[in-house]
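For reference, the chains in residue letters:
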Amino acid sequence: MAAGKHATPPTMEMMRTPLYFDYAATTPVDERVVRAMVECLGAGGCYANPASSSHGPGREARGRVETARREVAELLGARPPEIIWTSGATESNNLAIKGAARFHADRGRHIVTVRTEHKAVLDTCRQLEKEGWQVSYVTPGPGGVTGVEQIEPALRPDTVLVSVMFVNNEIGVINDLAPIGRLCRERGVLFHVDAAQAAAKIPVNVDEIGADLLSVSAHKAYGPKGVGALYLRGCPKSRLEPLIHGGGHEWGMRSGTLPTHQIVGMGAAFRIAAAEQPAEAERLRTLRQRLWEGIAGLGGVHLNGDPERRVAGLLNVSFEGVEGESLLFALRDLALSSGSACTSASREASYVLRALGRDDQLAQSSLRFSLGRYSTEAEVDFAIRVVREQVDRLRLLAGGEGTARLEAI
Amino acid sequence: MQLERLDYSGEVRQRFEQAPRHGRVLAPPAERLGGAAGAIGRGVRVEFEARVRGGRIVECRFRAYGCPHVIAAASWVAEQAEGRRLADTDWLEPRRLAELLEAPAHKLGSLLVVEDAYLDCVGARRGPER
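Nothing here was measured: the structure is a model prediction, and the numbers come from that model.

Further remarks concern the overall build of chain B. If you tally the helices and strands in chain B, you get 4 helices and 3 strands. Helices (α) and strands (β) of chain B occur, in sequence order from the N terminus, as α-β-β-β-α-α-α. Taking 14 Å as the expected radius of gyration for a compact globule of 130 residues, we find that chain B reaches 14 Å, a close match to that expectation. Principal-axis analysis of the C-alpha atoms places the extent of chain B at approximately 50 × 30 × 25 Å. The buried share of chain B, taken over its 130 residues, is 42%. Within chain B, residue pairs in contact and separated by at least 24 positions form 61% of the contacts whose partners lie at least 6 positions apart.

So, in structure tokens, the structure goes:
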């Protein structure tokens, strides 16, 4: 029976566990995307090298690559020549930050970023620090939202780049980017945005936010892993120091044979997202609210991040009186992410939640539920039931009295 | 954290799920001992209660905040304590407990908290709180 054709809601026994609540980590490839990709594989497919302009199959492959470039550009409000293919958002972030910093090193060696950025940005900045750059790591504002109030005091005359993510990958808050973009433009500072968690989930327009550089990935948007893109304002011929040399592909910014099937997959994924995003966001917002209300009824549950400025499908919560590793193991029927690094000796809690001021216990007991295209109401209801049962059980094991005690407080 | 890293032995899984000997001892104060160690803020907190008659533990219960290894260890200790004399504490050795539970090396500190809580309960704490 096809999904969604059940006469009655599926029972727990009918669901295949663990149920997937980790769409912010990655997404399955949409079947429509799979079909587009398969057309580019195999002897009968569009497999030629897109750089082989001397023959028809090569030109056909190039045509598909350029169609995908238009599709990605369209979702971002960009022009196709401003899109550079990469292997994913991590490479895009590296190319944007290292490439811009090194290219503009004669203008200054100072970068501003945020403590709650993804490691792909933070580790790249740390590498530049080893190479002699100075980096200011600012703390986000209330609710984990970063705005111009946080960025402006950190700017210096020698600042060449500001890097702020669009949507935080752990707590889902949407940063206030447009004022930062305007400030950067006024000061002549490049503005990079990691939009890996934003593209295909919320409207992204590079002009509205004033981004000079913007990183995206296919696999967060029901496309394949291993492909992404970097938006570079203007014609990307002389604004970045490339990281990869050899062949001069992508205007010399990123050499290497273009993976036609991956790129076509990313284009298809972004085209589908452009058409379906508004309705999908509304559906996910309803599911997320249902999940939050179901879990919050336990008592002693804290929502992490601003309650309003957030993407539709992401909910990050912390539980009082529950230890993170036990919580995650107790919830092994749900595939989700934890803010706890509890299997390591350090017991280091989420650096994002710590930056927001959560204490160790709440940071350790945080869970990130991220919903997506295939999430259903029945799955959410199952998750609510399992979470309530297990949190109650663990609180009782710890000597608390479960829901009854917390509701009485 | 990745779920596949949550790799526990059968003993730990069973004790985590069933939590045998969890709870409180219902006994008159004269027969009841209690002790605790650790702190929730540090990730591990364990409490034991014992019903004692004639210097011998007739019933032992635990409460634990911690990872599955801690819960399993507290359960095992409470179970093993029953029938023993208060002064008999040599049977409780955290390294052997770690072997029994197949706990990774970095969990030994948490198992020491379990030991401390039990020793506090039976009034035989061996040194400063760990």
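With that out of the way, let us pick up the confidence of the model for chain B. Residues and elements named next belong to chain B. Looking at chain B, the pLDDT average stands at 91 and 90% of residues meet or exceed 70. Taking the mean pLDDT of every element in chain B, the minimum, 95, falls on helix 3 (residues 94-101) and the maximum, 98, on helix 2 (residues 68-81). Segment residues 126-130: pLDDT under 50, and 6 contacts once partners within four positions in sequence are set aside and those in other chains are kept.

In this section: the domain arrangement of chain A. Residue and element names in this part refer to chain A. We note that the domain assignment places domain 1 (12-29 + 277-408) and domain 2 (31-272) within chain A. Here domain 1 and domain 2 have C-alpha centroids that lie 30 Å from each other. Tallying the contact residues gives 23 residues for domain 1 and 29 residues for domain 2. The set of elements that each furnish at least two residues to the side of domain 1 that touches domain 2 consists of helix 8 (260-296), strand 10 (314-319) and helix 10 (351-355).

Residues and elements named next belong to chain B. Most of strand 3 (residues 56-65) sits out of view: 7 of its 10 residues are buried. Alignment of strand 2 (residues 44-53) against strand 3, held across 9 bridges, turns out to be antiparallel. Residue pairing for strand 3: A50 is matched across the bridge by C60. Connecting strand 2 to the next strand, strand 3, in antiparallel fashion are 2 residues, including G54 with a positive phi near 60 degrees.

Sheets are built from strands that pair by backbone hydrogen bonding, the pairs being arranged parallel or antiparallel. All names here are of chain A. Pairing is mixed across the open sheet formed by 7 strands, whose spatial order is 2-8-7-6-5-3-4. Each edge of the open sheet carries a strand with a single partner, namely strand 2 (83-86) and strand 4 (134-138). The average undirected angle you get between the axes of adjacent strands in this sheet is 20 degrees. As defined by bridge partners, strand 2 adjoins strand 8 (residues 228-232) across 4 bridges and the pair is classed as antiparallel.

Attention now goes to the sheet that holds strand 1 (residues 32-39) of chain B. All names here are of chain B. If you trace the 3 strands from one edge of the open sheet to the other, you get 1-2-3, paired in antiparallel fashion. With one partner strand each, in any of the chains shown, strand 1 and strand 3 form the two edges of the open sheet. Neighbouring strand axes in the sheet, compared pairwise and without regard to direction, differ in orientation by 15 degrees on average. Here helix 4 (residues 108-121) sits on the sheet in contact with strand 1 and strand 2, set at roughly 150 degrees to strand 1.

Angle between the axes and distance between the axes are the two parameters that describe a pair of packed helices. All names here are of chain A. Contact geometry of helix 2 (residues 56-76) with helix 8 gives a least axis separation of 8 Å together with a crossing angle of 35 degrees. The crossing of helix 2 and helix 8 is left-handed. Facing A61, R64, V65, T67, A68, E71, V72, E74 and L75 of helix 2, the residues of helix 8 in contact are T260, I263, V264, M266, G267, F270, R271, A273 and A274. Its residues assigned to classes, the contact of helix 2 with helix 8 shows 11 nonpolar, 3 polar and 4 charged.

All names here are of chain A. In the Ramachandran plot, E250 falls in the positive-phi region, its phi being about 50 degrees despite a non-glycine side chain. Checked against the element boundaries, E250 lands in the loop between strand 8 and helix 8. A positive phi is found at W251, a non-glycine position, where the angle reads about 55 degrees. Relative to the helices and strands, W251 is located in the loop between strand 8 and helix 8. Using a count of 16 C-beta atoms within 10 Å as the deciding quantity, one classes W251 as partly exposed.

The rules behind these values
- Residues numbered from 1 in each chain as written.
- Chains lettered and ligands numbered in written order.
- Predicted model: local features only at pLDDT ≥ 70, side-chain atom pairs only at ≥ 80, totals over all residues.
- Helix = DSSP H or I, 4+ residues; strand = E, 2+ residues; numbered from the N terminus.
- Rg over C-alpha atoms; globule rule 2.2 N^0.38 Å.
- Buried ≥ 20, exposed ≤ 12 C-beta atoms within 10 Å, placed from the backbone.
- Contact = placed C-beta atoms within 7 Å.
- pLDDT = per-residue confidence, 0-100.
- Domains from an automatic or database assignment.
- Pairing = 2+ DSSP bridges.
- Axes fitted to C-alpha atoms, helices over the stretch in contact; angles between N-to-C directions.
- Left-handed = near helix turned anticlockwise from the far one by under 90°.
- Nonpolar A, V, L, I, M, F, W, Y, C, P; charged D, E, K, R; others polar.

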